Amino acid sequence: MTSSGDDRAIRTNGLTRTFGAFTAVDHITFDVKPGEVFGFLGANGAGKTTAIRMLTGLLTPSSGEAWVAGHDVYRESELIKRDIGYMSQRFSLYDDLTVRENIRLYGGIYDLTRDQIRDRTERILSRLGLSDTAHDAVGALPLGWKQKLALSVALLHEPRIVFLDEPTSGVDPITRRQFWELIYEAAHAGTTVLVTTHYMDEAEYCDRISIMVAGRIAALGSPAELKRDAGASSIDEVFVRLVRPELAGGGGPAQ
Amino acid sequence: MSEAPVVVDDVVKRYGEVAAVDHVTAEVRHGELFGFIGPDGAGKTTLFRILTTLLLPDSGSARVLGRDVVTDLWALRREIGYMPGRFSLYPDLSVRENLDFFASVFGTTVAREYEHIAPIYSQLEEFNDRRAAALSGGMKQKLALCCALVHRPNILFLDEPTTGVDAVSRREFWELLARMRTSGLTIVVSTPYMDEANRCDRVALMQNGRILATDAPAAVAASFERTLLAVRSPDRYRVLLALRDYPHTQRVYPFGESLHLADDRAGIDAARASSEATAFLHDKGFTDARVEPTPPTIEDVFISRMSAVNAPVAAA
């Protein structure tokens with residue numbers, strides 16, 4: 001296998017991962033275009049995390065193919081790590097370091113020059129309005145600020161693709177939307193975004209989404225297409241119909 | 001009718017400089033499914049810990065089932081059921097062992113309470129011998145709920161039972177609560193998901209330790225004080241940026257499949273507001289943008305009240 005020649009940000013073909021007798025990810029095939037905001041949805045335990053670990057070069061697939069930023073996930077996982085950014089709700093920044101120190105640390109990890117780190121630090125501080133708190137420990141920041149900073153840090157080395165794993169979980173409704181504006185900004189600048197979320201309204205913000213059920217991709221398309229195909233009024237409804245059809249009759253949370 | 005099952009009067013709890021609960025006053029009625037709705041850091045968990053006698057307030061008072069949470073805690077603990085936000089069962093004990101343990105702590109047995117917990121326990125029974133750690137998220141939740149119910153509490157406190165849970169399990173859990181509510185049990189629940197507010201009889205919206213509004217969900221939604229428009233366009237991001245410069249924008253933000261635009265003119269006719277916003281967007285070249293009035297939701301109210309309370313949020 002060689003690096004794929006095309007410019008798709010992510011391409012998989014029958015990607016599979018088993019753990020003993022259990023198939024966590026079962027022949028998934030999809031691709032993500034450059035600059036696309038791709039929502040990677042699924043029920044708890046559907047295989048999203050396992051798939052993301054394969055795509056970020058952290059876990060070797062059992063079978064199938066995948067290229068991320070043109071690099072083969074089997075043989076070029078170190079190259080993948082240089083070309084991607086990653087953030088999750090659980091781990092993103094070091095609470096005991098200041099805002100500036102966190103940015104500098106990640107800049108160093110990604111081999112940025114001193115000048116690059118300085119310029120990008122100022123850009124982030126001014127964009128997020130954090131200049132006055134640049135010397136505060138990150139642990140003292142409100143969750144929403146921390147998450148916006150974490151996204152900016154994940155984008156610090158200007159990766160081609162950024163993976164966001166439940167980045168807005170527990171974040172207030174205003175900050176959640178500011179966070180999505182940062183996502184749009186990054187996508188308009190050409191960064192590809194793959195994002196997971198349990199907020200179904202956020203699924204509507206994506207260009208395309210996939211919904212995983214029991215290791216497989218059960219639906220793939222733009223939010224409008226998926227709603228039209230399912231005859232549903234919201235992605236929440238599409239999701240429930242796919243994952244638990246017998247529940248779909250009952251009235252769920254509105255929207 | 002006796003006193004309301006939860007009466008919170010001007011409760012304050014500080015951690016250093018931060019007021020986690022900042023002069024909260026609230027009341028939960030008999031048999032109500034009452035929701036405290038707010039993001040992380042709103043003070044929901046601190047308030048729940050005070051109401052369940054696990055934390056002392058700095059000032060103010062709270063009574064649950066007619067008992068003071070500070071001076072009458074021992075009697076109260078026998079009467080309340082509490083499901084903490086973090087999974088708090090014994091991971092190395094099996095499903096049945098966890099349940100037996102919680103029953104014995106309250107001087108009862110699973111056999112004696114079987115009828116009471118059966119509606120939920122029946123979904124778990126086939127996993128009786130499985131260690132709690134090995135259960136799926138949804139099953140852990142159900143076991144925790146069984147453990148909180150096994151001593152037949154007169155009131156139930158559920159702290160963020162649906163956080164981090166997928167949309168389907170969330171829906172199942174709320175349907176379970178709706179069924180439990182029909183028995184007359186008072187249920188107090190907290191959640192960061194605004195869309196779950198509609199599942200409650202009444203809600204209190206919380207932010208930074210304070211209550212922004214308390215009412216029935218429909219009444220909270222109806223309290224939105226501006227004309228709200230939904231804007232749809234394939235070029236959502238550029239339309240969003242363009243609307244920031246619209247002279248009548250009070251606030252504009254992504255909302256599900258559309259953008260929500262709050263017109264800053266009090267009492268303006270919705271049709272007129274729509275056509276003016278449409279004209280503005282057409283002038284800017286967004287000829288395929290569609291604007292129409294839309295009913296406000298709890299989340300719109302939350303956004304509006306939040307912005308009013310804290311202009312720039314100070315680092316807490």
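Residues numbered from 1 in each chain as written. Chains lettered and ligands numbered in written order. Predicted model: local features only at pLDDT ≥ 70, side-chain atom pairs only at ≥ 80, totals over all residues. Heavy atoms only, no water.

**Some words on the pattern of salt bridges**
Alright, step 1. Summed over all chains, the structure comprises 44 salt bridges over all chains.
Alright, step 2. Across the pair Glu257 of chain B and Lys227 of chain A runs a salt bridge, and its minimum N-O distance is 2.4 Å. Taken together, the residues Glu257 of chain B in the loop between strand 12 (249–255) and strand 13 (258–263) and Lys227 of chain A in helix 8 (residues 223–230) connect one chain to another.
Alright, step 3. One salt-bridge network, in which partners are shared between bridges, spans Arg176, Arg177, Asp201 and Glu202 of chain A together with Glu299 of chain B. (Salt bridge = Lys/Arg side-chain N within 4 Å of Asp/Glu carboxyl O. Helix = DSSP H or I, 4+ residues; strand = E, 2+ residues; numbered from the N terminus.)

**Regarding the nonpolar core**
Alright, step 1. In terms of nonpolar packing, the biggest core is built from 53 residues, with Leu145, Leu156, Leu158, Met180 and Leu205 of chain B touching the most fellow members.
Alright, step 2. Here the element with the most residues in this core is helix 5 (residues 137–149) of chain B; it accounts for 8 residues.
Alright, step 3. Here this core gathers at least three residues from each of two domains, domain 1 (6–214) and domain 2 (225–295) of chain B.
Alright, step 4. Beyond its immediate chain neighbours, meaning those up to four positions away, Leu156 of chain B contacts Gly81, Tyr82, Leu145, Ala148, Leu149, Met180, Leu185, Thr186, Ile187 and Val188 of chain B.
Alright, step 5. Val37, Ile183 and Met200 of chain A together with Val168 of chain B belong to the second-largest nonpolar core, a separate cluster that totals 51 residues. (Core = buried A, V, L, I, M, F, W, Y, C linked by side-chain atoms within 4.5 Å. Buried < 20%, exposed > 50% of the residue type's maximum accessible area, 1.4 Å probe, protein only. Domains from an automatic or database assignment. Contact = heavy atoms within 4.5 Å.)

**Observations regarding the pairing of strand 13 of chain B**
Residues and elements named next belong to chain B.
Alright, step 1. Counting buried positions over the 6 residues of strand 13 gives 6, a clear majority of the element.
Alright, step 2. The side-chain alternation of strand 13 yields two buried faces, one formed by Ser258, His260 and Ala262 and the other by Leu259, Leu261 and Asp263.
Alright, step 3. Here strand 11 (residues 227–232) pairs with strand 13 via 5 bridges, running antiparallel. Residue Val231 lies in a different strand from strand 13, and its bridge partner there is Leu259.
Alright, step 4. Direction of pairing for strand 12 relative to strand 13: antiparallel, over a ladder of 6 bridges. Paired with Tyr253 across the bridge in strand 13 is His260.
Alright, step 5. Where strand 12 folds back on strand 13, the antiparallel hairpin that results is connected by 2 residues, among which Gly256 adopts a positive phi of roughly 55 degrees. (Pairing = 2+ DSSP bridges.)

**Thoughts on the sheet that holds strand 7 (residues 155–159) of chain B**
Residues and elements named next belong to chain B.
Alright, step 1. Strand order in the open sheet made by the 6 strands is 6-7-8-3-9-10, with mixed pairing throughout. In this open sheet, the two strands that pair with only one neighbour each are strand 6 (80–83) and strand 10 (210–215). Each strand of the sheet is rotated relative to its neighbour by a mean of 15 degrees, with strand direction disregarded.
Alright, step 2. Of the strand pairs in this sheet, strand 7 and strand 8 (residues 186–191) are connected by 5 bridges, and their pairing is parallel. From the neighbouring strand, Leu158 faces strand 8, where its bridge partner is Val189.
Alright, step 3. On top of the sheet, helix 5 reaches strand 6 and strand 7; it is set at about 160 degrees to strand 6, its chief contact. (Axes fitted to C-alpha atoms, helices over the stretch in contact; angles between N-to-C directions.)

**So, helix 5 of chain B**
Three or four residues apart is the spacing at which side chains of an α-helix point the same way, because the helix has 3.6 residues per turn.
Residue and element names in this part refer to chain B.
Alright, step 1. Under the 1.5 Å per step criterion, the end-to-end length of helix 5 is 19 Å for 13 residues, consistent within 8% with the ideal 18 Å.
Alright, step 2. The element helix 5 is extensively covered by neighbouring structure, given that 10 of its 13 residues are classed as buried.
Alright, step 3. Elements in contact with the buried residues of helix 5: strand 6, helix 3 (95–105), helix 4 (110–121), strand 7 and helix 6 (167–181). (Expected span 1.5 Å × (residues − 1).)

**Re the sheet that holds strand 2 (residues 18–28) of chain B**
All names here are of chain B.
Alright, step 1. Taken together, the 4 strands give an open sheet; going across it, the order is 2-1-4-5, and neighbouring strands pair in antiparallel fashion. The open sheet is flanked by strand 2 and strand 5 (67–68), the only strands paired with a single partner.
Alright, step 2. Here strand 4 (residues 59–64) pairs with strand 5 via 2 bridges, running antiparallel. Counterpart to Val64 in the pairing with strand 5 is Arg67.
Alright, step 3. Across the sheet, helix 1 (residues 44–51) is in contact with strand 1 (6–15), strand 2 and strand 4; its angle to strand 1 comes to roughly 120 degrees.

**Remarks on the interface of chain B and chain A**
Alright, step 1. Taken together, the contact between chain B and chain A spans 37 residues of the former and 41 residues of the latter.
Alright, step 2. Among the residues of chain B in contact with chain A, Val168, Arg171 and Tyr237 of chain B are the three that bury the most area, contributing 21% of the side total.
Alright, step 3. Between Arg176 of chain A and Glu299 of chain B there is a salt bridge whose closest N-O contact spans 2.7 Å.
Alright, step 4. Counting across the chain B and chain A interface gives 13 residue pairs in polar contact (both at pLDDT 80 or more).
Alright, step 5. Elements with a minimum of two residues in the side of chain B that touches chain A: helix 6, helix 8 (236–243), strand 12 and helix 10 (298–309) of chain B.
Alright, step 6. In terms of residue count, helix 6 of chain B provides more of the side of chain B that touches chain A than any other element does, 6 residues in total.
Alright, step 7. Grouping the amino acids of the side of chain B that touches chain A by side-chain chemistry returns 19 nonpolar, 5 polar and 13 charged. (Buried area = accessible area lost by both parts, 1.4 Å probe. Polar contact = N/O pair within 3.5 Å; in protein donor to acceptor, adjacent residues only side chain to side chain. Nonpolar A, V, L, I, M, F, W, Y, C, P; charged D, E, K, R; others polar.)

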